[in-house]
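# Geometric and topological summary
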Amino acid sequence: MKSTSRVTIIAAVLLAATIPLAAASNPEIELSRMLSGTFRGSTPGNDLTLTIRSVTTDPSHLYDLYLQASGKYQSTNIRQQGLIRLESQGKSVYFGYIPHFDPTVSSMSANAARFSEEEANAACGLVMEPKGDGFVGETVGSTCVRAIRGAFGKWTIEVEPGSLRIRNVKSGETLRFKRVEK
């Protein structure tokens, strides 16, 4: 009886020790962790707050996130929200964004993962590649202009622990965000 208990305890300890290793080798989990939280704009004229929270949509999409952007950017009021879908692609992660144009939809809504035809057609995506401690990706042309109002042209997104950087490739316009809450 005692040897069975010891074997069980040893097996449980070994399993618990491997869980962090599994997360470290799964870029989808790592990117989801880096994106989750509340971020505040840290560049001049960027008074935006990004709230990114885990949202359960269905069992096949465990790392879906709900994004809510609010505040002011260069004296313009902004309020946008939508679903971020992360899907593993080997060492890379596909980052899909589907906007919600209906302001009454939130991460707590039953409709958080349901989209109108217009919203689904406005969706955009990019592939995030591991870089340093984080990930970097680039949109293809102006594919996100309908999903994210004002996102004309090609944009890069850099995610590192505690920070986000979004930059227009052509103009160099840069929005930086620092995590203020996990």
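Definitions and cut-offs
Residues numbered from 1 in each chain as written. Predicted model: local features only at pLDDT ≥ 70, side-chain atom pairs only at ≥ 80, totals over all residues. Heavy atoms only, no water. Helix = DSSP H or I, 4+ residues; strand = E, 2+ residues; numbered from the N terminus. Contact = heavy atoms within 4.5 Å. Areas by Shrake-Rupley, 256 points an atom, 1.4 Å probe, with all protein chains shown as cover. Pairing = 2+ DSSP bridges. Axes fitted to C-alpha atoms, helices over the stretch in contact; angles between N-to-C directions. Salt bridge = Lys/Arg side-chain N within 4 Å of Asp/Glu carboxyl O. Buried < 20%, exposed > 50% of the residue type's maximum accessible area, 1.4 Å probe, protein only. Polar contact = N/O pair within 3.5 Å; in protein donor to acceptor, adjacent residues only side chain to side chain.

Of the regular secondary structure elements, the protein chain holds three helices and 10 strands. Reading the helices (α) and strands (β) of the protein chain from amino to carboxyl end gives α-α-β-β-β-β-β-α-β-β-β-β-β. For the protein chain, contacts bridging at least 24 residues in sequence account for 45% of all contacts bridging at least 6. Accessible surface for the protein chain amounts to roughly 10,500 Å². Of this, 57% is attributable to carbon and sulfur atoms.

Taken in spatial order, the 10 strands close into a barrel running 1-2-3-4-5-6-7-8-9-10, and their pairing is antiparallel. If you compare each strand with its neighbour and ignore which way they point, the axes differ by 25° on average. Across the sheet, helix 2 (residues 27-35) touches strand 1 (37-41), strand 2 (46-54), strand 3 (65-73), strand 4 (76-89), strand 5 (92-100), strand 6 (124-131), strand 7 (134-138), strand 8 (155-160), strand 9 (163-168) and strand 10 (174-181), and the angle it forms with strand 4 is around 160°.

This paragraph deals with the pairing of strand 10. In this sheet, strand 10 lies alongside strand 1 in antiparallel orientation, the contact comprising four bridges. For glycine 41, the partnering residue across the bridge sits in strand 10 and is phenylalanine 177. Relative to strand 10, strand 9 runs antiparallel, the two being bridged by five bridges. Pairing of isoleucine 166 across the sheet is with leucine 175, part of strand 10. Once strand 9 ends, the chain turns through five residues before running back antiparallel as strand 10, passing glycine 172 with a positive phi of about 85°.

Opposite charge on two side chains allows them to pair when their charged atoms are near. A complete count under the given rule lists five salt bridges for this structure. Of the charged contacts, one joins glutamate 181 and arginine 53 as a salt bridge, the two residues approaching to 3.4 Å between their closest N and O atoms. Placement of glutamate 181 in strand 10 and of arginine 53 in strand 2 is noted, with a sequence separation of 128 residues between them. Take glutamate 181: its relative accessible area is 45%, and that puts it in the partly exposed class. Between aspartate 64 and arginine 85 there is a salt bridge, with the nearest N and O atoms lying 2.6 Å from each other.

Let us look at the side chain of serine 36. Relative to the assigned elements, serine 36 resides in the loop between helix 2 and strand 1. Of the polar contacts made by the side chain of serine 36, one reaches the backbone oxygen of serine 32; its length is 2.8 Å.

Here three bridges tie strand 6 to strand 7, and the two strands are oriented antiparallel to one another. Bridged to lysine 131 within strand 7 is glycine 134. Between strand 6 and strand 7, which pair antiparallel in sequence order, lie two residues; one of them, glycine 132, sits at a positive phi of approximately 60°. Pairing analysis gives four bridges linking strand 7 to strand 8, with the strands arranged antiparallel. Bridged to glutamate 138 within strand 8 is threonine 156.

On to the environment of aspartate 64, then. As for its position among the elements, aspartate 64 is in the loop between strand 2 and strand 3. Once the C-alpha coordinates of aspartate 64 and arginine 85 are considered, the two residues, 21 residues apart in sequence, prove to be 4.8 Å apart. Sequence-distant contacts of aspartate 64, defined by excluding residues within four places in its chain, comprise Arg53, Ser54, Val55, Thr57, Leu83, Ile84, Arg85 and Leu86. Reaching out from aspartate 64, the side chain makes a polar contact with the side chain of threonine 57 at a distance of 2.6 Å. A polar contact is formed between the side chain of aspartate 64 and the side chain of arginine 85, at a distance of 2.6 Å.

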